[in-house]
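Topology and contacts: notes
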Amino acid sequence: MSDAERSGGDADGVDDQLPNLDEPGKYERFTRIDNVEYDVANEFLREHTTITAREWAIACLCRDFETETGVRMTFIGENLPELVPFMTDTYSPQAVNQARYSYDEKAQTAANTFFYAVLSGRYSIEEIEAMVEEARETAETLIEVETGNAPEDNPEADDAVADAMASVWEASRALTEEFDEPTEPEDGGDRAD
């Protein structure tokens, strides 16, 4: 990660890589929800994720406008209403960076929660598979709304996820068995406390 990325600063000298906002069609994202207000987009996300519409939009823009020397925070903030149909206000570079950070934190927290639940043995392999399938369907819906295109089928990715989940489930079984084994008292006899 570059210093500009860490500080949330802008990269210099990359204006030629940015879309011309005066030229229609140069930057097309979120076109499927062109006439949707922020509250509607936010409610849609809150039904399926922990992120807000603000965090979603800004995380996408930060990925799109990332360069070798950083993310165009000022550009994103100043052009937010032109770049995202449901955003109506401009943002400072600090607000853009904060929204991106919040998105990253929520993604990590969701991953922590999921893997803890799986590793602690709270779910059967069938329940895990159902959760992963629902997550995949939600992700595909969000990608389609975000890009205007349905994501392409990727059987290799599906297989990789299935294999990873099976591995995690097997590890959780081994971990659970390890903790369930009775331990012998150190002196070999019974102790009454």
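Residues numbered from 1 in each chain as written. Predicted model: local features only at pLDDT ≥ 70, side-chain atom pairs only at ≥ 80, totals over all residues. Heavy atoms only, no water.

**Looking at the overall build of the protein**
Applied cut-off: For helices the rule is a DSSP run of H or I covering at least 4 residues; for strands it is a run of E covering at least 2, with both sets numbered from the N terminus onward. Any residue under 20% of the maximum accessible area for its type is buried, any over 50% is exposed, and the rest in between are partly exposed; the area is computed with a 1.4 Å probe on protein chains only. In this description, contact between two residues means that some pair of their heavy atoms is separated by no more than 4.5 Å.
Within the protein, the regular secondary structure consists of seven helices and two strands. The secondary structure elements of the protein, listed N-terminal to C-terminal, are α-α-α-β-β-α-α-α-α. Burial status across the protein gives 31% buried among its 193 residues. The long-range share in the protein, meaning contacts at least 24 apart out of those at least 6 apart in sequence, stands at 70%.

**With respect to the packing of helix 2 (residues 38-48) against helix 6 (residues 125-147)**
We count it as follows: Lines fitted to the C-alpha atoms define the axes, with helices restricted to the stretch that makes contact. Angles between their N-to-C directions range from 0 to 180 degrees. The cut-offs work like this: below 35 degrees is roughly parallel, past 145 is roughly antiparallel, 65 to 115 is roughly perpendicular, and the gaps in between are oblique. Should the near helix be turned anticlockwise from the far one by less than a right angle, the crossing is left-handed, and should it be turned clockwise, the crossing is right-handed. By the convention adopted, Pro, Cys, Tyr, Trp, Phe, Met, Ile, Leu, Val and Ala count as nonpolar, Lys, Arg, Asp and Glu as charged, and the other residues, Gly among them, as polar.
Packing of helix 2 against helix 6 brings their axes to within 11 Å, and their N-to-C directions diverge by 160 degrees. Here helix 2 lies roughly antiparallel to helix 6, going by the angle between them. You can see that helix 2 and helix 6 cross each other, and the crossing is left-handed. On helix 6, the residues touching F44, L45 and H48 of helix 2 are T138, T141, L142 and V145. For the contact of helix 2 with helix 6, a count of residues per class yields four nonpolar, three polar and no charged.

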